[in-house]
Amino acid sequence: MHTPLVRKAAVIGCGVIGAGWVARLIENGVHVRTFDPADDVSSKLEAVLINSRHAYQELTNAPRHEEGQVEIASSVAEAVRDAGVIIEAVPERLDIKRAAYEEIEDSALSDAIVASSTSGIMPSILQDQMRNPERFLVTHPFNPVYLIPLVELVAGRQTDPQTIERAGLLFDSFGMHPLHVRKEIEGFIADRLLEAVWREALWLVNDGIATTGEIDDAVRFGFGLRYAQMGIFDTYRMAGGEAGMRHFIAQFGPCLKWPWTKLMDVPELTPELIDLIADQSDDQSGHLTHAEMERLRDDNLVALVQALKTKGFGAGETLARYERMLESRDQT
Ligand SMILES: NC(=O)c1ccc[n+]([C@@H]2O[C@H](COP(=O)([O-])OP(=O)(O)OC[C@H]3O[C@@H](n4cnc5c(N)ncnc54)[C@H](O)[C@@H]3O)[C@@H](O)[C@H]2O)c1
């Protein structure tokens, strides 16, 4: 008989990321209690759950789990008391996160995993005032958490290696692709890369080279398509032709010394630059509501992952593996 690795979970902070975690967890049959002091938590969570249910209906024909229950708790203590895994998704501020861990540790089960969604704060810093830092790790997800498979697992100095191992098995069972970031670094792997592209994009707008829409076109009609199926290194290996990576580096290595990048610097985010970016973004996508954009994004992601599944590749391979897991569970 298939036994879920955890039956109960807590999500502390139920904004964009926390609500996405709730959706991913209940889709996998886990009962979730969430705590968030915001007044509108219930309506915001419901909107995300509607999106997630729609996405999964489109994503897979495999026998899905019976959905876990969701409860909105009135305190951290109530949310965490019987949870096997506790996911923190409060704002990206060290003081708020540390205060949340203190409350979590007051009431959590002694063997519960405590996982932070931080985008880039080092786990050694996050865990350094904890009473049981060995069961703490970073599980860095990507929005929308219920659809994007990647989750970066990062240990701090005091994390027990078994915590990483347990988390790997757990998030794998949720249909995700856990990537163990073996060395602790601010921003981990993915946000290091994203930050570089984001900085360049800000320069291009700041310097009047391109609008937000033109920059997005440069991504989505071109290298964004390549990156959805092969990463940077395989893409550049192929750009080197038969001779591969060595030829690519011989040809394009010297460009690294040319003024092609402003990476070491960032434009100052003046009110004027913020207005320019926000106005261009409104021109680009202001005709769509946020809810319409979410649905468009999710439908596109589902279509991409399903296409990759037909090739058994990348995120499509993760979906195929998840479906095999759901099917074998159904037959036991
Ligand atoms: N937005 C993203 O794309 C993204 C991606 C990956 C990781 N993250 C990380 O996830 C975390 C949450 O980010 P977000 O984008 O969901 O932010 P958000 O502002 O959408 O949500 C944060 C929520 O935390 C709540 N909150 C504030 N103080 C709290 C407390 N003491 N206890 C419980 N809840 C509290 C707020 O009311 C809010 O609903 C951050 O660490 C962020 O870096 C964000």
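Preceding this paragraph is the structure being described.
Attention here is on the structure that accompanies the text.

Conventions used here
Residues numbered from 1 in each chain as written. Predicted model: local features only at pLDDT ≥ 70, side-chain atom pairs only at ≥ 80, totals over all residues. Heavy atoms only, no water. Helix = DSSP H or I, 4+ residues; strand = E, 2+ residues; numbered from the N terminus. Rg over C-alpha atoms; globule rule 2.2 N^0.38 Å. Buried < 20%, exposed > 50% of the residue type's maximum accessible area, 1.4 Å probe, protein only. Contact = heavy atoms within 4.5 Å. Areas by Shrake-Rupley, 256 points an atom, 1.4 Å probe, with all protein chains shown as cover. Phe/Tyr/Trp six-rings, centres within 6.5 Å; stacked < 30°, edge-to-face > 60°. Pairing = 2+ DSSP bridges. Axes fitted to C-alpha atoms, helices over the stretch in contact; angles between N-to-C directions. Near = heavy atom within 4 Å. Polar contact = N/O pair within 3.5 Å; in protein donor to acceptor, adjacent residues only side chain to side chain. Nonpolar A, V, L, I, M, F, W, Y, C, P; charged D, E, K, R; others polar. Patch = residues over 30% accessible without salt bridge, like charges linked within 9 Å, V, L, I, M, F, W, Y side chains within 5 Å. Salt bridge = Lys/Arg side-chain N within 4 Å of Asp/Glu carboxyl O. Lys, Arg positive; Asp, Glu negative; His and termini not counted. Charge placed at Lys NZ, Arg CZ, Asp CG, Glu CD. Right-handed = clockwise from strand over helix to strand, strands pointing away.

Points about the overall build of the chain
When helices and strands are counted, the chain shows 13 helices and 8 strands. Its C-alpha atoms give the chain a radius of gyration of 21 Å, within 12% of the compact-globule value 20 Å for 332 residues. Dimensions of the chain, computed from the C-alpha atoms along their principal axes, are close to 55 × 45 × 45 Å. Taking all 332 residues of the chain together, 41% fall into the buried category. Counting only contacts in the chain whose residues sit at least 6 apart along the sequence, the fraction spanning at least 24 positions is 71%. Total accessible area on the chain stands at roughly 18300 Å², and carbon and sulfur atoms take up 56% of it.

Some remarks on the packing of aromatic side chains
Where two aromatic rings form a pair, the distance of their centres and the angle of their planes describe that pair. Counted under the stated rule, the structure contains 6 aromatic pairs. Both rings, one in Trp 21 and one in Phe 171, keep their centres 5.4 Å apart while their planes meet at 65°; by these two values the pair is edge-to-face. Of this pair, Trp 21 sits in helix 1 (residues 16-27) while Phe 171 sits in helix 6 (residues 161-173); the two residues are 150 residues apart in sequence, bridging distant segments of the chain. As far as the burial class goes, Trp 21 and Phe 171 line up, both buried. Considering the side-chain rings of Phe 171 and Phe 174, the 5.8 Å spacing of their centres and the 85° angle between planes classify their relative orientation as edge-to-face.

Side note on the sheet that holds strand 7 (residues 150-154)
Strand pairs in the sheet, formed through backbone hydrogen bonds, run parallel or antiparallel to each other. Pairing within the open sheet is mixed, and its 8 strands lie in the order 3-2-1-4-5-6-7-8. Either end of the sheet is taken by a strand with one partner, and the two such strands are strand 3 (70-72) and strand 8 (177-181). Across the sheet, the mean angle from the axis of one strand to that of its neighbour is 25°, orientation sign disregarded. As defined by bridge partners, strand 6 (residues 136-140) adjoins strand 7 across 3 bridges and the pair is classed as antiparallel.

Section: the site of the ligand
In the vicinity of the ligand, 20 residues are found, and the nearest of them are Ile 17, Asp 36, Glu 92, Lys 97 and Ser 119. Taking Lys 97, its side chain carries an N or O atom lying 2.7 Å from an oxygen atom of the ligand. One nitrogen or oxygen atom from the side chain of Ser 119 is found 2.6 Å from an oxygen atom belonging to the ligand. For the ligand, whose unbound accessible area comes to 830 Å², protein coverage reaches 71%. When its residues are assigned to classes, the shell around the ligand shows 10 nonpolar, 7 polar and 3 charged.

Describing a negative patch on the surface
On the surface, Glu 272, Asp 275, Asp 279, Asp 282 and Asp 283 cluster together into a patch of negative charge. Mapped onto the elements, Asp 279 comes out in helix 11 (residues 271-285).

Remarks on the pairing of strand 8
Of the pairings in the sheet, the one linking strand 7 to strand 8 comprises 5 bridges and is parallel in character. If you follow Val 151 over to strand 8, its bridge partner there is Pro 178. Once you follow strand 7 into helix 6 and on to strand 8, the crossover reads as right-handed.

Considerations on unusual backbone geometry
Across the junction of Asn 143 and Pro 144, the peptide omega takes the value 0°, indicating a cis bond. Locating Pro 144 in the fold gives a position in the loop between strand 6 and strand 7. The backbone phi angle of Phe 188 is positive, close to 55°, even though this residue is not glycine. Within the fold, Phe 188 resides in the loop between strand 8 and helix 7 (190-206). Judged by relative accessible area, Phe 188 falls into the buried class, the value being 1%.

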